[in-house]
Amino acid sequence: MRSRNVIALCSALLLGCGEVHETIPDAGPDPVADAGADAAVDTVDAPPIETCTPDQFVDCDGTSARICNATGDGVIATECGAAGCNATAGRCNACVPDSATCAGNTVQHCTADGALGATESCTLGCGTTPSAHCKYIEPRYDALQDSCDALATLPSLVIDTNQSFDTAADILCTGGVRTQTSGPEICVVRYGAITISGGRTLKVTGPRAIALVADRAVTIDGVLDVSADGTTNGPGGGLIASGGKANTSVGGGGAGFRTAGGNGGSDTADGGGAPGGAPSTNPADLVSLVGGPRPQIPTTIDADPGGGGGALTVIACRGAVTVSATGVIDAGGGGGRPGFDQIFGGGVQFTSGAGGGAGGNIVLQGAAISVLGQIFANGGGGGGGTAISDTPGQPGDDGLRLATTSASGGAGAGVGGAGGAGGRQGVAPTPGLMPGSTGATPGGGGGSVGFAQTYTPSGVAPVLQPSAASPAFNGNRTINTR
């Protein structure tokens, strides 16, 4: 307590207390005063008020985008979800960057910065595994089933001049070379689109079969020629031996394929010589792509048989295979070599005409197929026999680009027997004929017509209205999509 009683007592008694000093002893803490002092010395900072540009992006917080509120004194967090927040663009992404999604039969692509990109309409529907994509066909044959999985790195191939193509040249096989377990190697020609221009011919040769594979369309306005040339096989053809070989006394049998080959002639009977090859298993039932057979190759210098027509498949992974009204595909077999004098000049050892090769195997595969032009895989004719005059006979014709006329067998020299005609649609090959007299030799039998086959996905019917076809197409078969 402060000592104010002394002053009060002096005043009351009117006593001279002298000079009185008011002494206020330490009275301890004063809660009121102390509170004021503390407030002045120890100032506590209040939470700051955040200021920003109203309604503008502030930053990303994980997968949330923070946006300044309308009064500029706070932020509003918006969860962006799986698409994520894009700090560079200052927004939530519209979609997961570099992704794609299915929307019915359309693929919606997302750009690298999370914006909606291009849409892609899918002919065969949208698939989701492993990610969204337009479905594509899974080509027939084991060696080719994955050939559509990746898009082509080369944009297009346009044949606008007459050109030759050798399947033995690896550099031309832009999609690689595929090995088959029971068939020829396949040279895969891979582009985004493939076109053979009207009035132009692409002539294909070589030991490998050929597969023209495009992402979008394969359009044949000109001529695609995979036929055999005489005793030279078409690409991938002739690996199957079918039909007996010629020798000094019997004509060679023609190769069988879709039908039996024609028998060779003998010295005494038309068709009495080497047997023609038996009909083949439908190549659509095989796991490998094969071409047309040829008769057996002689082990001596007897006449060589005609070559087998080529093995060809044309594939449009996501689009159409089109053989237009001006387009032609030819996979004809080769004509057999004629009989001749093995010694030349001595007139003592003649050989007979050899058999013709079979037409090849044409396979069209696509998301859609349209054939308005011409398709041929006719058999080659047998070679003609020779005569004692040492004059050789004539070779059989190669399979023709006609549906109404067969390849002729070669004429015999002098009284030598003629070769048999090659087979075509609805017409079997004919046998080689006997010679007209002793000392001359018989002709060889004609080769069989080949095969033509189409493959489309379930529910897609090909448009097959060729202006000429020999053989006719087998019934369309279904292939899977991926």
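Our structure's up above, just so we're on the same page.
Residues numbered from 1 in each chain as written. Predicted model: local features only at pLDDT ≥ 70, side-chain atom pairs only at ≥ 80, totals over all residues. Heavy atoms only, no water.

Chemist: Would you mind showing me how to read the packing of aromatic side chains here?
Modeler: Throughout the structure, instances matching the rule amount to 1 aromatic pair. Between Phe-257 and Phe-451, the ring centres sit 4.8 Å apart and the planes meet at 80°, which makes this aromatic pair edge-to-face. With Phe-257 in the loop between β19 (223-225) and β20 (311-323) and Phe-451 in strand β24 (residues 451-457), this pair connects stretches of sequence that are 194 residues apart. As far as the burial class goes, Phe-257 and Phe-451 line up, both buried. (Phe/Tyr/Trp six-rings, centres within 6.5 Å; stacked < 30°, edge-to-face > 60°. Helix = DSSP H or I, 4+ residues; strand = E, 2+ residues; numbered from the N terminus. Buried < 20%, exposed > 50% of the residue type's maximum accessible area, 1.4 Å probe, protein only.)

Chemist: So what exactly am I meant to see when it comes to the pattern of salt bridges here?
Modeler: Pairing of side chains with opposite charge becomes possible as their charged atoms draw close. A complete count under the given rule lists 13 salt bridges for this structure. In this structure, the salt-bridge partner of Glu-138 is Arg-482, at a minimum N-O distance of 2.8 Å. Of this pair, Glu-138 sits in the loop between β10 (133-134) and β11 (156-159) while Arg-482 sits in the segment after β27 (477-479), placing them 344 residues apart in sequence. With a relative accessible area of 17%, Glu-138 lands in the buried category. Judged by relative accessible area, which is 29%, Arg-482 ranks as partly exposed. As a salt-bridge pair, Asp-215 and Arg-190 come within 2.6 Å of each other at their nearest N and O atoms. Of this pair, Asp-215 sits in the loop between β17 (209-214) and β18 (218-220) while Arg-190 is found in strand β14 (residues 186-191), placing the two residues 25 residues apart along the sequence. Just as Asp-215 is buried, Arg-190 falls in that class too. Put simply, Lys-203, Asp-225, Asp-229, Asp-330 and Arg-401 are held in one network by salt bridges that share partners. (Salt bridge = Lys/Arg side-chain N within 4 Å of Asp/Glu carboxyl O.)

Chemist: Please clarify how unusual backbone geometry should be interpreted in this entry.
Modeler: Note on backbone geometry: most residues besides glycine have negative phi, and most peptide bonds are trans. Put simply, Thr-129 and Pro-130 share a cis peptide bond, and its omega is 0°. Here Pro-130 is to be found in the loop between β9 (126-127) and β10. Cis geometry marks the peptide bond from Ser-470 to Pro-471, where omega comes out at 15°. Following the sequence through the fold, Pro-471 ends up in the loop between β26 (468-470) and β27. Of note in the backbone geometry, Asp-55 takes a positive phi value of approximately 65° without being a glycine. When its relative accessible area of 54% is taken as the criterion, Asp-55 is described as exposed.

By themselves, these figures tell us nothing about what the structure is for.
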